[in-house]
Amino acid sequence: MDWGRAKNVLIYAFLLLNLVLGYQLWSDYREQQGANLGFDSLSESTQRAMENKNIQVLTSVPADTPSLPKISYRYTEELPDDPVQLAIPADSKLIFTPGDLVSALKNEIPQIGNYSYDAFADSSEDGSFTLHPLFEGQWPLFNADLELFYTDQKITAYLGSPVQIQDAGGETEVLPAQKALGTLVENYLPDGSVVKEITLGFYGQTFDSETQVAAPVWRFTVENGDPSSYSVYYVQGASGDVISP
């Protein structure tokens with residue numbers, strides 16, 4: 001018996017077995033990651049379109065579909081033309097610790113506690129963070145902004161007007177995020193898109209009126225090839241219509 005040849009056959013067999021096991025582990029990991037992100041809840045046509053168009057979703061797909069009303073909102077003060085300088089600048093790192101940010105700015109921006117930070121609306125060009133007011137302390141109103149300007153790692157000024165938000169009535173059973181994502185993937189997103197964020201909130205067209213109306217929407221933040229540039233799509237929570245400002 002040729003033991004040298006037999007040994008080589010065994011080595012190749014073990015290498016092949018390791019490759020098969022490695023592929024199986026990688027495949028199981030991908031499936032587990034997909035399940036954790038909620039991909040298993042997407043329709044077959046959506047998953048197929050993601051593969052064909054090389055579309056990635058790097059965020060979890062929300063499973064909850066709450067019923068939300070339309071809201072009305074108005075600014076209680078006139079928006080200043082220029083940013084208002086803070087008497088005492090605050091560390092810009094506080095933007096990532098909401099409790100500390102509120103403590104540092106509540107004397108000069110009393111409404112700051114009812115705002116949430118929007119990580120995908122920051123502007124490095126003018127050095128600003130963007131926050132949105134919340135309805136019932138949870139759902140952001142994407143139409144309204146509070147900008148915090150920073151210089152040398154210090155928040156030095158702000159621009160925004162207090163917003164009064166009210167329930168306008170008429171509960172809407174919000175379209176599941178899976179269906180909203182499917183509409184975008186199959187009909188709107190270009191090849192190679194990367195979905196970075198899916199957020200439920202409110203959005204409405206702006207009219208020449210003191211009081212505005214906004215409806216529930218899913219907001220999708222999408223990277224199209226350039227990591228520093230994003231496109232935003234709003235999918236109406238009731239009708240499923242897509243708005244891309």
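As a reminder, the structure under discussion sits directly above these lines.
Residues numbered from 1 in each chain as written. Predicted model: local features only at pLDDT ≥ 70, side-chain atom pairs only at ≥ 80, totals over all residues. Heavy atoms only, no water.

**Considerations on the nonpolar core**
Membership of the largest hydrophobic core comes to 48 residues, with the highest contact counts inside it found for Leu-101, Leu-148, Trp-218 and Phe-220. Top contributing element to this core by residue count: helix α4 (residues 177–187), with five residues. Filtering out sequence-adjacent residues up to four positions away, Phe-220 remains in contact with Ala-177, Ala-180, Leu-181, Leu-184, Val-195, Glu-197, Ile-198, Ser-231, Val-232, Tyr-233 and Val-235. Core analysis: the next-biggest nonpolar cluster, separate from the first, contains five residues, Tyr-203, Val-217, Tyr-234 and Ile-243 among them. (Core = buried A, V, L, I, M, F, W, Y, C linked by side-chain atoms within 4.5 Å. Buried < 20%, exposed > 50% of the residue type's maximum accessible area, 1.4 Å probe, protein only. Helix = DSSP H or I, 4+ residues; strand = E, 2+ residues; numbered from the N terminus. Contact = heavy atoms within 4.5 Å.)

**Details of unusual backbone geometry**
The residue Asn-54 is not glycine, and still its phi comes out positive at about 55 degrees. Looking at where Asn-54 falls in the secondary structure, it is placed in the loop between α2 (44–52) and β1 (56–57). We note that Asp-152 has phi near 50 degrees; this positive angle belongs to a residue other than glycine. Checked against the element boundaries, Asp-152 lands in the loop between β7 (146–151) and β8 (154–159).

**Notes on the side chain of Gln-212**
Here Gln-212 is to be found in strand β11 (residues 212–223). Overall, the relative accessible area of 6% leaves Gln-212 in the buried class. One polar contact links the side chain of Gln-212 to the main-chain carbonyl oxygen of Ser-209, over a distance of 2.7 Å. Setting aside chain neighbours within four positions, we find Gln-212 in contact with Ile-71, Ser-72, Tyr-73, Gln-205, Thr-206 and Phe-207. (Polar contact = N/O pair within 3.5 Å; in protein donor to acceptor, adjacent residues only side chain to side chain.)

**Topic: the pairing of strand β12 (residues 230–236)**
Pairing of β11 with β12, which is carried by seven bridges, proceeds in the antiparallel orientation. Each residue of the ladder has a partner; that of Phe-220, found in β12, is Tyr-233. Both β12 and strand β13 (residues 242–243) contribute to a ladder of two bridges, which runs antiparallel. What sits directly across from Tyr-234, in β13, is Ile-243. Between β12 and β13, which pair antiparallel in sequence order, lie five residues; one of them, Gly-240, sits at a positive phi of approximately 85 degrees. (Pairing = 2+ DSSP bridges.)

**Quick word on the environment of Pro-98**
With respect to the element layout, Pro-98 can be found in helix α3 (residues 98–105). Each C-alpha atom of the pair Pro-98 and Ile-112 lies 9.4 Å from the other, and the pair is 14 residues apart in sequence.

**Comments concerning the packing of aromatic side chains**
If you walk through the whole model with that rule in mind, you get nine aromatic pairs. Between the aromatic rings of Phe-96 and Phe-129, the centroid separation amounts to 6.4 Å while the plane-to-plane angle is 80 degrees, which identifies the pairing as edge-to-face. Taken as a pair, Phe-96 in the loop between β3 (84–91) and α3 and Phe-129 in strand β5 (residues 128–135) lie far apart in primary sequence, 33 residues in all. The exposed category is assigned to Phe-96, whose relative accessible area is 55%. Overall, the relative accessible area of 7% leaves Phe-129 in the buried class. (Phe/Tyr/Trp six-rings, centres within 6.5 Å; stacked < 30°, edge-to-face > 60°.)

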